[in-house]
Amino acid sequence: MNVLAIDSSNLVMGVAVISGGKVLGERMTNSRKNHSERLMPAVAELLDDAGMSPGDLDRIAVAQGPGSYTGLRIGVTIAKTLAWTLKKELVGVSSLEIVAQNGRYFDGYIAPFFDARRGQVFAGLYKNQKGKTVPVQPDRLVMIKDWIDELKKLHEPLLFLSNDLEKWNDCLIKVPAAVFGDKPQNIPRASELARLGEEKQPVPDIHHFLPSYLRLAEAETKWLARRQER
């Protein structure tokens, strides 16, 4: 199976293509650049380098969120458009689950997270079972103080993975038996997204596939607040 992976859900933008589980190519940037201008050229260049045309693909895998509103919309829209126009399967994968794969050999809990601002994080909790990294709790939006209080009760080694690790390091070191991923481990890999996309079931309806924001946009929150005040 030939799978194209697309991830623009956060700061890191990554694309990869695999064939029969073999990584044919992967491109990634970890800087504040415009995903909307760079994602499609990156896909085109990647497929060309891999000697593959869009028609050769069997499936498109996309990071579904949580993450940046704008980044998610860009990645999901491009993935849906490619899947629909090329008549290919579409698979959505949790952005946190992608990062969690970097700890697949860790003996304990794996806690990937993204900064969500205002003292909040998008957080997941995973563990390795029978060679697979599986969710222990659903991905969610949570205040970091509340999350840390919960993690302190686990009483097992816990690996934090995040590109935002430095921002919250002073809080996270309070968790007993905490282990911190090194910088390469903290970055989501599109090749891991492609692998997960190969294993998961495709979505039944491409047109109704939506990003997983886990919260309302700020504009929506303000609109609801104004309605409640009336």
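Right above here is the structure, for reference.
The notes below deal with the structure included here.

As a further point, take the environment of Pro66. Tracing the sequence through the fold places Pro66 in the loop between β4 (59-65) and α2 (69-86). For Pro66, a relative accessible area of 1% translates into the label buried. Excluding anything up to four places from it in sequence, Pro66 contacts Ser9, Asn10, Leu72, Ser95, Leu96, Phe114, Phe122, Asp139, Ser212, Tyr213 and Leu214.

If you look at the biggest cluster of nonpolar residues, it comprises 23 residues, and the most contacted ones within it are Leu4, Ile6, Ile60 and Leu90. Mapped onto this core, the elements with two or more residues apiece are β1 (2-7), β2 (12-19), α1 (35-49), β4 and α2. In terms of residue count, α2 provides more of this core than any other element does, six residues in total. Excluding anything up to four places from it in sequence, Leu90 contacts Ile60, Val62, Ala79, Lys80, Ala83, Pro202, Val203, Ile206 and Phe209.

This part is about the side chain of Glu97. Mapped onto the secondary structure, Glu97 falls in helix α3 (residues 95-100). In this view, Glu97 contacts Tyr126, Thr133, Leu196 and Lys200; residues no more than four positions away in its chain are not counted.

We now examine the sheet that holds strand β6 (residues 109-117). Pairing is mixed in the open sheet, where five strands are placed in the order β8-β7-β6-β9-β10. Bordering the open sheet on either side are β8 (132-143) and β10 (178-180), each of which pairs with just one other strand. Between one strand axis and the next, the sheet turns through 25° on average, direction left out of account. Where β6 lies against strand β9 (residues 158-161), four bridges are found, and the strand directions are parallel. Residue pairing across strands places Tyr109 opposite Leu158, the latter belonging to β9. Against the sheet, helix α5 (residues 165-172) touches β6, β7 (120-129), β9 and β10, its axis set at about 115° to β6.

The rules behind the values
- Residues numbered from 1 in each chain as written.
- Predicted model: local features only at pLDDT ≥ 70, side-chain atom pairs only at ≥ 80, totals over all residues.
- Heavy atoms only, no water.
- Helix = DSSP H or I, 4+ residues; strand = E, 2+ residues; numbered from the N terminus.
- Buried < 20%, exposed > 50% of the residue type's maximum accessible area, 1.4 Å probe, protein only.
- Contact = heavy atoms within 4.5 Å.
- Core = buried A, V, L, I, M, F, W, Y, C linked by side-chain atoms within 4.5 Å.
- Pairing = 2+ DSSP bridges.
- Axes fitted to C-alpha atoms, helices over the stretch in contact; angles between N-to-C directions.

Don't take any of this as a statement about function, it's just geometry.
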